[in-house]
Amino acid sequence: MSRTIAQKIIAAHLLSGDMTPGSEIGLRIDQTLTQDATGTMAYLALENIGIPRVKTEKSIAYIDHNTLQCGFENADDHRYIQSVARKYGVYFSRPGNGICHQTHLERFGKPGKTLIGSDSHTPTAGGLGMLAMGAGGMDVAVAMGGGAYYITMPKMYKVNLTGTLKPWVTAKDISLEILRILSVKGGVGAIVEWGGEGIRQLSVPERATITNMGAELGATSSIFPSDEVTHAFLKAQGRAQDYVPLSSDPDAQYDKVIDIDLSTLEPLAACPHSPDNVKKAAELGRIAVSQVCIGSCTNSSLRDMLRVAAMLKGKKIADTVSLSISPGTRQVLTMLADCGALSDLIAAGARILECACGPCIGMGFSPASGGVSVRTFNRNFEGRSGTRDAQVYLASPETAAASALTGFITDPRTLGEYPAITLPDTFLVDDSGVLPPAGKEEAEGLSVERGPNIKPFPKGEPLPDQMTLPVSLKVGDNITTDHIMPAGAKVLPYRSNIPKMAEFCFGVCDEQFPSRALQLGRSCVIGGANYGQGSSREHAALAPLHLGVRAVITKSFARIHVANLINAGILPLTFENPADYDDLQQGDTLTLKNIHAQLPAGRLTATTGSGKTIALVYPLSERQIAILKAGGLLNYTKEVAQ
Ligand code: MIC
Ligand code: SF4
């Protein structure tokens with residue numbers, strides 16, 4: 001039987017279910033990663049499950065998100081994760097060692113293996129031919145404990161690249177082009193495989209830029225073949241032994257095929273406030289820029305940094321621009337320093353930040369009021385930068401550096417000749433920033449260090465058979481997890497303190513929501529299409545849970561978020577007739593009866609306060625129904641273990 005790359009990896013890791021698109025499958029997971037902002041919850045869940053040692057081939061805990069330490073909270077979280085990792089058999093990547101996805105790509109990812117990470121950009125490792133997926137922290141905890149990871153068997157999409165990129169046009173522009181074509185909803189329920197002659201010119205870090213931004217399509221994952229380019233990259237990282245070739249069968253079937261001729265692409269930019277609001281940089285007009293940020297898990301490789309350094313060498317950035325540069329990893333930063341390129345960046349006026357997420361997650365470097373910021377990142381959702389009225393544009397390192405030089409959003413082709421760079425044949429390998437776990441015997445005697453900010457994992461309650469729920473909030477389409485549970489330096493320190501964090505829930509939409517919801521007791525939230533897109537943060541389910549939200553009813557959901565809702569014990573439902581969305585308002589009530597009996601059919605009738613009957617649908621697997629009835633994944637996992 002002929003198969004796509006992803007189907008081959010799925011078949012080799014299938015623990016349950018059949019590979020028909022739409023049905024639930026359970027996968028064996030070889031590797032896991034966590035980062036600190038979601039990691040505390042994942043490890044609290046792991047401790048709760050009660051397994052003494054992780055059972056994966058490799059699990060790594062990265063510290064890269066909450067690295068601004070304005071009080072004890074983040075440092076306490078780092079210390080907790082370090083101690084829990086050491087005890088439970090997890091490698092610990094120290095703060096400053098690098099952004100999880102870039103570090104994982106360089107040092108740990110392996111073609112043909114499965115990886116889940118408590119971060120939506122985990123598919124970055126798909127650039128290496130790995131099946132890598134973002135997941136909620138509880139799912140990662142279960143996978144660390146040796147349990148299956150469950151997904152809906154995805155459809156298969158193929159993007160065929162032909163032709164050659166013109167000078168100044170980059171992998172980032174390819175990512176933006178596919179977002180322009182498919183939109184932020186266009187990849188939901190699918191794995192996007194990249195192929196065609198055109199992929200040969202893309203190095204692994206460039207491929208990773210593309211698989212990274214596949215998260216913005218809503219795709220389950222994105223993947224490249226493992227070929228001679230992959231082999232060369234692994235060899236340069238001193239990991240030639242990790243190479244295995246991997247490609248799709250010539251007659252593999254795809255649900256959708258998209259062709260892109262690379263020679264027709266131009267430098268692009270995603271305009272405020274969505275990654276799919278894509279326009280040609282040349283056609284944006286004269287937009288003055290006050291800030292440029294280069295880095296993030298999308299564009300922080302040595303290639304990207306060297307290119308920017310070559311563009312800035314011997315020049316000064318515009319007086320009106322503040323430029324931040326965050327190299328992705330310590331490997332990148334050290335190599336930049338060794339070859340002198342770091343000095344070129346500093347001399348041009350750049351502010352060098354540590355190897356971490358930084359401005360991408362609003363951890364410092366928020367733009368000025370109404371400021372225009374050009375960023376090489378992957379998300380430009382409203383408010384994410386930390387400045388509510390900032391205008392954030394997403395672009396390639398080349399377009400960003402050109403804009404830093406001129407002070408206006410600039411098509412880099414106007415700068416003249418494309419500066420050549422030479423990438424080394426071997427990279428500097430120093431894994432001393434990754435601390436191995438304790439051996440089994442030593443681990444038994446170790447205790448976990450918990451600071452006062454680390455509160456116990458919130459408990460879900462078993463799903464009642466009948467509920468009358470007032471609508472505590474109604475929101476529109478494309479609500480992101482940054483709306484539901486904002487990030488930024490003010491809120492992120494409370495990632496391990498759900499009661500405190502919940503005070504900021506939906507703050508971008510309605511600051512009164514937390515107090516109103518608490519007052520109502522149990523309630524439901526009404527949303528539009530693609531509800532919960534973006535991050536994997538399960539806080540976007542746990543904070544509403546804490547505030548009494550028992551059901552979320554929408555036109556449609558994003559993949560990771562709906563899994564997080566179920567894991568938290570919150571009932572997800574969609575309108576059978578989308579027009580019913582229009583009739584329901586904040587303050588209305590919905591009564592659901594005989595819930596348990598109706599769930600297996602995936603269809604529930606609800607009665608509104610005015611007596612109208614509406615049909616709500618959502619297909620749930622037996623496992624998901626059992627999780628909801630148990631009051632969330634942790635309760636369920638304990639029940640199953642007994
Ligand atoms: C993001 O880019 O939104 C984050 C911050 O990396 C999140 C994880 C989080 O909220 O901690 C993600 O992408 O999953
Ligand atoms: Fe970090 Fe930004 Fe990447 Fe999220 S998208 S992992 S915040 S760099």
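As shown above, the structure is provided for reference.
Residue indices follow the written sequence of each chain, beginning from 1 at its first position. As a convention, the first chain written is A and the first ligand written is 1, with the rest following in written order. In keeping with the model being predicted, local features are shown solely for residues with a pLDDT of at least 70 and side-chain atom pairs are shown and tallied solely at 80 or more, while totals for entire chains, interfaces and linings include all residues. The side-chain figures draw on all heavy atoms in the structure; neither hydrogens nor water molecules are used.

(A) Structural context of the overall build of the chain. Along the chain, the regular secondary structure elements total 22 helices and 27 strands. In this treatment the radius of gyration is a C-alpha quantity, and the globule benchmark scales as 2.2 Å times the residue count to the 0.38 power. Compactness check: the chain gives a C-alpha radius of gyration of 23 Å against a globular reference of 26 Å for 642 residues, within 12% of the reference. Viewed in the frame of its principal axes, the chain has a C-alpha envelope of about 70 × 60 × 55 Å. With 642 residues in all, the chain has 64% of them scored as buried. The criterion used for residue contact is that any of the two residues' heavy atoms lie within 4.5 Å. Within the chain, counting contacts between residues at least 6 apart in sequence, those at least 24 apart form 77% of the total. All accessible-area figures derive from a Shrake-Rupley calculation using a 1.4 Å probe, and residue coverage is judged against the displayed protein chains alone. Per element, the accessible surface of the chain, about 21,900 Å² overall, is 50% carbon and sulfur. The centroid of the 59 positive side-chain charges in the chain is displaced by 2 Å from the centroid of its 62 negative side-chain charges. Secondary structure follows DSSP: runs of H or I at least 4 residues long count as helices, runs of E at least 2 residues long count as strands, and numbering of each begins at the N terminus. Exposure is judged per residue with a 1.4 Å probe applied to protein chains only, and the accessible area is read against the type maximum: over 50% gives exposed, under 20% gives buried, and values in between give partly exposed. Charge assignment in this entry is limited to Lys and Arg as positive and Asp and Glu as negative, and neither His nor the chain termini are counted. A charged residue contributes its charge at one atom only: NZ of Lys, CZ of Arg, CG of Asp or CD of Glu.

(B) How the structure looks around the site of ligand 1. Proximity is defined per residue: any heavy atom of the residue falling within 4 Å of a molecule or strand makes that residue near it. Lining the immediate environment of ligand 1, one finds 14 residues, of which Asp119, Ser120, Arg495, Ser536 and Arg537 sit closest. At a separation of 2.9 Å, an oxygen atom of ligand 1 approaches a polar side-chain atom of arginine 379. N or O atoms within 3.5 Å of each other form a polar contact, as long as, within protein, one can give a hydrogen and the other can take it, and as long as residues adjacent in sequence are counted only when both atoms are side-chain atoms. Between ligand 1 and arginine 537, the relevant distance is 2.5 Å, taken from an oxygen atom to a side-chain nitrogen or oxygen of the residue. Across the complex, the protein chains shield 97% of the 340 Å² of accessible surface that ligand 1 would expose by itself. As a working rule, the residues Ala, Val, Leu, Ile, Met, Phe, Trp, Tyr, Cys and Pro are called nonpolar, Asp, Glu, Lys and Arg charged, and the rest polar, with Gly in that last group. Counted by class, the shell around ligand 1 contains 2 nonpolar, 7 polar and 5 charged residues.

(C) Structural detail: the packing of helix H10 (residues 330–339) against helix H11 (residues 341–348). Note on geometry: axes are C-alpha line fits, over the in-contact stretch for helices, and angles between N-to-C directions span 0 to 180 degrees. Where H10 meets H11, the closest approach of the two axes is 4 Å, and the angle between their N-to-C directions is 85°. As the angle between them shows, H10 and H11 are arranged roughly perpendicular. Each of Leu333, Leu336, Ala337 and Cys339 in H10 lies in contact with H11, whose residues at this interface are Ala341, Leu342 and Leu345. When an angle is under 35 degrees it counts as roughly parallel; over 145 it counts as roughly antiparallel; between 65 and 115 it counts as roughly perpendicular; any other value is oblique.

(D) Just the sheet that holds strand E6 (residues 114–117), in detail. Spatial strand order, E7-E6-E3-E4-E5-E20: 6 strands in an open sheet with mixed pairing. Where the open sheet ends on each side, the last strands, each with one partner, are strand E7 (131–134) and strand E20 (434–435). Whether two strands pair comes down to DSSP finding at least two bridges between them. Strand direction decides the pairing type here: strand E3 (residues 31–34) and E6, joined by 3 bridges, are parallel. Within E6, the position partnered with leucine 33 by the bridge is glycine 117. Sheet strands touched by helix H5 (residues 137–144): E3, strand E4 (58–62) and E6. Its angle to E3, the strand with the most contacts, is close to 140°.

(E) Representation of the packing of helix H9 (residues 302–312) against H10 within the structure. Between H9 and H10, the shortest axis-to-axis distance is 10 Å and the interhelical angle comes to 35°. Our pair here, H9 against H10, has a crossing hand that is right-handed. Where H9 approaches H10, its residues Leu302, Met305 and Leu306 are matched on the opposing element by Val332, Met335, Leu336 and Cys339. For the contact of H9 with H10, a count of residues per class yields 7 nonpolar, no polar and no charged. Handedness of a crossing is defined here by the sense of rotation of the near helix relative to the far one, left-handed for an anticlockwise turn of less than a right angle and right-handed for a clockwise turn.

(F) Fine view of the packing of aromatic side chains. Each aromatic pair joins two rings of Phe, Tyr and Trp (for Trp, the six-membered one) with centres within 6.5 Å, and gets the label stacked for planes under 30 degrees apart, edge-to-face for over 60, and tilted for any other angle. All chains considered together, the criterion is met by 8 aromatic pairs. Between the aromatic rings of phenylalanine 506 and phenylalanine 513, the centroid separation amounts to 5.1 Å while the plane-to-plane angle is 80°, which identifies the pairing as edge-to-face. Of the two residues, phenylalanine 506 and phenylalanine 513, neither departs from the other in class, the shared state being buried. When the ring of phenylalanine 557 is compared with that of tyrosine 618, the centres are 5.9 Å apart and the planes differ by 90°; the resulting orientation is edge-to-face. Separated by 61 residues along the polypeptide, phenylalanine 557 in the loop between strand E23 (549–554) and helix H18 (559–568) and tyrosine 618 in the loop between strand E27 (613–617) and helix H21 (622–630) bring together distant segments of the chain. The buried category is assigned to phenylalanine 557, whose relative accessible area is 9%. Here the aromatic cluster, defined as three or more aromatic residues joined through ring pairs, consists of Tyr531, Phe557 and Tyr618. Whether a charge lies above a ring is judged from NZ of Lys or CZ of Arg, which has to be within 6 Å of the ring centre and within 35 degrees of the ring normal. One cation-aromatic arrangement involves lysine 58 over tyrosine 91; the distance from NZ or CZ to the ring centre is 4.3 Å. One Lys or Arg, lysine 555, reaches over the ring of tyrosine 581 and ends 4.3 Å from the middle of that ring.

(G) The arrangement of the pattern of salt bridges in detail. Put simply, a salt bridge is a Lys or Arg side-chain nitrogen that is within 4 Å of an Asp or Glu carboxyl oxygen. The full count for this structure, using the stated rule, is 34 salt bridges. One salt bridge in this structure joins glutamate 398 and arginine 303, with 3.0 Å as the shortest N-O distance. On the criterion of sequence distance, the pair formed by glutamate 398 in helix H12 (residues 397–406) and arginine 303 in helix H9 is long-range, its members being 95 residues apart. For the residue pair glutamate 398 and arginine 303, the accessibility class agrees, reading buried in each case. Where lysine 313 meets aspartate 344, a salt bridge forms, and the shortest distance between an N and an O atom there is 3.7 Å. Residue lysine 313 is found in the loop between H9 and strand E16 (322–325), and its partner aspartate 344 is found in helix H11; the two are separated by 31 residues along the sequence. Taken together, the shared-partner salt bridges connect Glu206, Arg303, Asp304, Arg307 and Glu398 into one network.

(H) Geometry of the environment of methionine 156. Mapping methionine 156 onto the fold places it in strand E9 (residues 155–162). Here the alpha-carbon distance between methionine 156 and phenylalanine 381, two residues 225 residues apart in the chain, equals 27 Å. In this structure methionine 156 touches Thr4, Ala6, Gln7, Ile191, Gln253, Tyr254, Asp255 and Lys256, once residues within four positions along its chain are discounted.

The values are spatial; any link to function lies outside them.
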